[in-house]
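Reading the structure
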Amino acid sequence: MGLALAACCLAAQTDLSALIEKLKSDAIEEREAAVGELKKLGPSAVPALEKAVAEGEPEVKAQLEWVCRVITLRETLPANLLKEMQGIEDRLAGTDAHAWTEAMFEALREDESGKRIHPTLGRRELDALVGGAVRGCGTLKEADDLRRILRESELPSAGRHVQAWLKNEDSNIRAMAIRLLQDLLVGEAIPEIRGLLKDPDADVRGRAAHFLGKLHVREAIPDLVALLKDPDGFVHGLSYGALEEMRAKEAIPELCDLLKNHDVEVRLRAVGLLQDLQARSAVAQLLPLVGDGDEEVARKTIYVLDELEARVAVPQLRLLVNSRSAGIRDAAARLSISRGNREIVPDLIAMLSDPERRGTAVWALGSFR
């Protein structure tokens, strides 16, 4: 029995050696026939083929490596995929990763009537292609087309493979990956996406902020507050939205610090978020801003204090009501009316003789009655 087995193994090795030798033939028909026979050997022949690759001559090495990949793909790809897309393993075994992307698009292709050419291919078959398809994308358009496919198909391994796009040198693809990972709710990507809040590309930073807000990643709140100072409107806008989405009350102390920022726009964003968060604990920090050198900041702060039902000292209210800025004057008058501070009535009466401020006085006095 042992001798018979040994004889069979020797014969197999002899056949393999003979087939490998035929790969060197000048006749293309003989080479192709040898490749066909090698592919039929199956997975049990892979170790011997790999050894032949290591020891083989350069002219046959690439062919043997390809044969090994074909045999492996025949074992690993779903049987229905191999049946439906005849010869797909030969295409995917090549060194061009783009073949996987093309195969994914082909698997979902439709005819002129809108019917799928391969209707039996389902999630299992598509999931077997997704990793290679992501790696093989050659253009931004292909990546965008693939993003739509993956969003609609809900393939189990899609998120894991799309994470590789976060390292792509093309910032458009990095941003696209974040959008898709958000659609797929891939929480495993959170650490890497937090790192992209410092990406040199504004679109990537903004998309990362939006992702973290949508997934309510509260540990990223300090990073998002810092992005309120980002000079790019897309970035600080989405960071603002992320903090609002999470109702990030733990950010209130850091927002109060931003009230002292030299940048008017940063101060306005901080005031706006404190309003959205109904941050009554920030009233003491807001009060100094009613005298802010920027009219819009001062006016916005007065409205926020009114909404927060804050108490403002009467002397300060009288000073604000007498402001030459119509916006500040009107905001202070509304705050006084809502608090019932009739102490400003004499100031309003005096303003009736001033054409510039008469309008505020008329409606404010009417509101007190």
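First things first, this report covers the structure right here in the doc. (Residues numbered from 1 in each chain as written. Predicted model: local features only at pLDDT ≥ 70, side-chain atom pairs only at ≥ 80, totals over all residues. Heavy atoms only, no water.)

What to know about the overall build of the protein chain
Of regular secondary structure, the protein chain possesses 23 helices and zero strands. Computed over C-alpha atoms, the radius of gyration of the protein chain comes to 35 Å, more than 25% over the 21 Å expected from 2.2 N^0.38 for 369 residues, which places it beyond the range of a compact globule. The principal-axis extent of the C-alpha atoms belonging to the protein chain is close to 115 × 45 × 35 Å. Looking at the protein chain as a whole, 46% of its 369 residues qualify as buried. Partitioning the intrachain contacts of the protein chain with sequence separation of at least 6 by distance along the chain shows that 62% fall at a separation of at least 24. Accessible area for the protein chain stands at about 18,900 Å²; split by element, carbon and sulfur atoms hold 53% of it. Treating the 50 positive side-chain charges of the protein chain as one cloud and the 61 negative ones as another, the clouds have centres 8 Å apart. (Helix = DSSP H or I, 4+ residues; strand = E, 2+ residues; numbered from the N terminus. Rg over C-alpha atoms; globule rule 2.2 N^0.38 Å. Buried < 20%, exposed > 50% of the residue type's maximum accessible area, 1.4 Å probe, protein only. Contact = heavy atoms within 4.5 Å. Areas by Shrake-Rupley, 256 points an atom, 1.4 Å probe, with all protein chains shown as cover. Lys, Arg positive; Asp, Glu negative; His and termini not counted. Charge placed at Lys NZ, Arg CZ, Asp CG, Glu CD.)

Let's talk about helix 4 (residues 58–76)
Relative to the 27 Å expected for 19 residues at 1.5 Å per residue, helix 4 spans 28 Å between its end C-alpha atoms, a close match to the ideal helical length. Among the residues of helix 4, Val60, Leu64, Val67, Cys68, Val70, Ile71 and Leu73 are the ones counted as buried. (Expected span 1.5 Å × (residues − 1).)

Brief notes about helix 13 (residues 202–214)
Compared with the 18 Å implied by 1.5 Å per residue over 13 residues, the 18 Å span of helix 13 between its first and last C-alpha is a close match. Within the sequence span of helix 13, burial applies to Ala202, Val204, Arg205, Gly206, Ala208, Ala209, Phe211, Leu212 and Gly213. Looking at the buried positions of helix 13, the neighbouring elements they touch are helix 11 (171–183), helix 12 (190–195), helix 14 (221–226) and helix 15 (233–245). With a side-chain oxygen lying 3.0 Å from the backbone nitrogen of Asp203, the N-terminal cap of helix 13 falls on Asp201. His216 occupies a position one or two residues after helix 13 and carries a positive phi of about 50°. (Polar contact = N/O pair within 3.5 Å; in protein donor to acceptor, adjacent residues only side chain to side chain.)

A look at a nonpolar patch on the surface
The grouping of Ile349, Leu352 and Val362 at the surface amounts to a nonpolar patch, some 250 Å² of accessible area in total. By secondary structure assignment, the location of Ile349 is in helix 22 (residues 345–351). (Patch = residues over 30% accessible without salt bridge, like charges linked within 9 Å, V, L, I, M, F, W, Y side chains within 5 Å. Salt bridge = Lys/Arg side-chain N within 4 Å of Asp/Glu carboxyl O.)

Focus: the packing of helix 13 against helix 15
Look at helix 13 against helix 15: their axes get within 8 Å of each other, and the N-to-C directions meet at 5°. With respect to each other, helix 13 and helix 15 are oriented roughly parallel. Between helix 13 and helix 15, the residues in contact are Ala202, Asp203, Arg205, Gly206, Arg207, Ala209, His210, Gly213 and Lys214 and Phe234, Val235, Leu238, Ser239, Ala242 and Glu245, respectively. (Axes fitted to C-alpha atoms, helices over the stretch in contact; angles between N-to-C directions. Parallel < 35°, antiparallel > 145°, perpendicular 65-115°, else oblique.)

Notes on the pattern of salt bridges
Summed over all chains, the structure comprises 20 salt bridges. A salt bridge links Arg91 to Glu106; its shortest N-O distance comes to 2.8 Å. Placement of the pair is Arg91 in helix 6 (residues 88–92) and Glu106 in helix 7 (residues 98–107), with a sequence separation of 15 residues. Accessibility expressed as a relative area gives 34% for Arg91, which makes it partly exposed. Since its relative accessible area comes to 21%, Glu106 is described here as partly exposed. The partner of Arg174 in a salt bridge is Asp199, with the nearest N and O atoms 3.0 Å apart. Of this pair, Arg174 sits in helix 11 while Asp199 sits in the loop between helix 12 and helix 13; the two residues are 25 residues apart in sequence, bridging distant segments of the chain. The class of Asp199 is buried, set by a relative accessible area of 8%. Shared partners join several salt bridges into a network, and the residues in it are Lys141, Asp144, Asp145, Arg147 and Arg148.

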